[in-house]
Each structure stands twice: as C-alpha cells, then as structure tokens.
Amino acid sequence: MSAPLLALLDGTLADVTVPLVRADDLGVVRGDGVFDATLVRRGSDGAVHVRDRDAHLDRLERSAEILHLPEPDRAGYERAIDALVAAWDFDARPEALIRLVLTRGPESGGDPTAFALMAPLSASAIAERERGVAITLLGRGHDGDEVAAMPWLLPGAKSLSYSINMAAKRHAVQHGFDDVVFVAPSGALLEGPTSTLVIDRGGALLTPAQDGILASITLEHLMRDAAAAGLDVSFAPLRPDDLRAADGAWLLSSGRLVAHITSVDGRPLPRSPLDADIRRILDV
C-alpha cells in the first residue's frame, strides 16, 4: 500500500508520521469535528479527476455550519487538494481518496485543526464494485424525520463521530456480511453506515427520503444525469420487503461509487437489468 500523503491548507506537504494534532484536540477526545471525502482517479484519457470536488467542499461547509464550527478555509482546502494530486503516484495507485478534515481544535482553546489526507482506495472497495455486497439489515434508534427535528443529533452533518457506523460494519463482517442498511423503528429503510441505498422496482429507481440522514453526493450525481439516460430516480418510503422484492439494488458512496447488493440477510437478490446503465452514469 502506498503511504498516505498529508497536506496543510497553505498547500505544503507534511510528513504524515510527524504529529500534527494535539492530544487535547477535541476532534480526538470527543470526535468534535467534520470531514468529507472525495475520490481522485486517473481516467482512460490520462487526465486526473477529483470527483464532484465543489460538491464535497460545499458539504464540508454545511457540516461545519451544523456543528457551529468556524467556516472552512475553502481556498486553503483547494490548495491542499492541488498539492496532493500533484504529488500522488497515479501509476502505482490510479485511485485514491482525499479526506478533508476540520476539528474544533484544542480543548483549552485555540485555532481549529485543518488538513487534507490522501490515501489509496482500498482493494476491498474496488473489488466490491464488481462482485457486489452481501448486506444485513440492522436497527437504528430513530426514524429519519425524528432525527431531522432534533438538531442536537446533527442531522445532515458528516461528523468525525463515526464509531457507531464503524461498529455496524464490524458487526456485519463478524456475521458473514459485507455491509449494512439501517432500519428505523417504524420499519423504514434508511442508509448504510457509509452509503446510500437505491433499489430498482420495475425499472423505477427509488431511494429513501434523506430526512435526518446525510445527503449523498453520488446520489445527486445519479439523479442529475439519470434523465439523459432515460431513467427516473425518485425518493420514496421504502421498507425491508421493498428491498427483498426489488429487481436489484445498489449501495452508492463517494469512494466505492456503486456496488450491487447480492443478498439481504442471506436471501439472494438479482442483479438489476439497469446495472450497466447505473455504472455508465456514475462513470464506473
């Protein structure tokens, strides 16, 4: 695996092995901060593309606003992204993730901590694009509309507090699955720990309403370009039986981009006839 690259907001590269964050940084001791992540890849034309760059910077700003953090230095993050892309060895690793990080800074007071980190896209994420993912349904303690009405639960923010998300994925792997889709107490399908659900129901592409869950930039990309491909993507209330009876389904995310769902709690799910169209729209 190629070593990660670290960039500061002045556009300089720093040694990733040298400490950057203070031990009392609130991002460390309380997970008090935000991040976003975008895929960087070299295309068949040889050009390097930072996918949906502006949209990820916009979402970082929205997340910071929700947490009442200082406004991110957008120009600084732009410099950091450019420095990372210029230094990356795309011959060795043609796909990588850039994480944009902003914490509240030291608990005793001081400036926020801000940096960008670039690392290779994991081999598992690349493999899952082709082989798909076996998922399990796991409960989540609130319905989406309930969360949307509780701003202290940070609906719509991509915060550093990802422990529950990662615990859900570990639980899935420990029980023989690849990933998770959360289910609300009402029985409504929500999102995955790091992904958004889309199902094919008779040629109509449906996705859960994003009340109280993180807005997906990859889903926005799909919804923006689907019409030109003759497809319709819309929000709809979905329940587990809708997924089990679907003609196919996918998990969308900024890194993996798209992975078709092969089974739900051990029950096989067909690969949608629209799979090739989805991949073409998302440039997979």
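All of the points below concern the structure found in this document.

About the cut-offs
Residues numbered from 1 in each chain as written. Predicted model: local features only at pLDDT ≥ 70, side-chain atom pairs only at ≥ 80, totals over all residues. Heavy atoms only, no water. Core = buried A, V, L, I, M, F, W, Y, C linked by side-chain atoms within 4.5 Å. Buried < 20%, exposed > 50% of the residue type's maximum accessible area, 1.4 Å probe, protein only. Helix = DSSP H or I, 4+ residues; strand = E, 2+ residues; numbered from the N terminus. Contact = heavy atoms within 4.5 Å. Phe/Tyr/Trp six-rings, centres within 6.5 Å; stacked < 30°, edge-to-face > 60°. Pairing = 2+ DSSP bridges. Axes fitted to C-alpha atoms, helices over the stretch in contact; angles between N-to-C directions.

**With respect to the nonpolar core**
Here comes step 1: Membership of the largest hydrophobic core comes to 24 residues, with the highest contact counts inside it found for Val34, Val40, Tyr77, Val85, Ile98, Leu100 and Met118.
Here comes step 2: Elements supplying a minimum of two residues to this core: strand S3 (33–42), helix H2 (53–66), helix H3 (74–87), strand S5 (95–103) and strand S6 (113–120).
Here comes step 3: Examining the composition of this core, we find that five residues originate from one element, H3, more than from any other.
Here comes step 4: If we skip the residues at most four places from it in the chain, Tyr77 touches Leu9, Leu57, Leu60, Pro72, Leu100, Val101, Leu102, Ala114 and Phe115.

**Section: the packing of aromatic side chains**
Here comes step 1: The tally for this structure, following the rule as stated, stands at one aromatic pair.
Here comes step 2: Where Phe35 meets Tyr162, the ring centres are 5.2 Å apart and the plane angle is 80°; that geometry is what we call edge-to-face. Placement of the pair is Phe35 in strand S3 and Tyr162 in the loop between helix H5 (144–148) and helix H6 (163–174), with a sequence separation of 127 residues.

**Concerning the sheet that holds strand S1 (residues 5–7)**
Here comes step 1: Strand order in the open sheet formed by six strands is S2-S1-S6-S5-S3-S4, with antiparallel pairing between adjacent strands. At either end of the open sheet lies a strand with only one pairing partner, and these are strand S2 (13–14) and strand S4 (48–50).
Here comes step 2: As defined by bridge partners, S3 adjoins S5 across nine bridges and the pair is classed as antiparallel. Bridging from a neighbouring strand, Phe35 pairs with Val101 of S5.
Here comes step 3: This element, H2, spans S3, S4 and S5 of the sheet and lies at about 175° to S3.

**Structural notes on the environment of Arg267**
Here comes step 1: Mapped onto the fold, Arg267 is located in strand S14 (residues 267–268).
Here comes step 2: Note: C-alpha distance between Arg267 and Val147 (120 residues apart in sequence) is 30 Å.
Here comes step 3: Excluding residues that lie within four positions of it along the chain, Arg267 makes contacts with Arg244 and Thr262.

**Digging into the pairing of strand S12 (residues 248–253)**
Consecutive side chains along a regular strand alternate between the two faces of the sheet.
Here comes step 1: Burial analysis of S12 places six of its six residues in the buried class, which makes it a mostly covered element.
Here comes step 2: Residues Gly248, Trp250 and Leu252 of S12 are buried on one face, and the alternating residues Ala249, Leu251 and Ser253, pointing to the opposite face, are buried as well.
Here comes step 3: Looking at chain direction, strand S9 (residues 196–201) and S12 are connected through five bridges and run antiparallel. Bridge pairing in S12 links Ile199 to Ala249.
Here comes step 4: With four bridges connecting them, S12 and strand S13 (residues 257–264) associate as antiparallel partners. Across the sheet, Leu252 pairs through a bridge with Val258, a residue of S13.
Here comes step 5: Counting the residues that bridge the hairpin from S12 to S13 gives three residues.

**Details of the pairing of S6**
Here comes step 1: With six of eight residues buried, S6 lies mostly within the body of the structure.
Here comes step 2: Sheet analysis places S1 next to S6, joined by three bridges and oriented antiparallel. Its bridge partner lying in S6, Ala7 is registered against Ala116.
Here comes step 3: Pairing analysis gives eight bridges linking S5 to S6, with the strands arranged antiparallel. Across the sheet, Leu102 pairs through a bridge with Ala114, a residue of S6.

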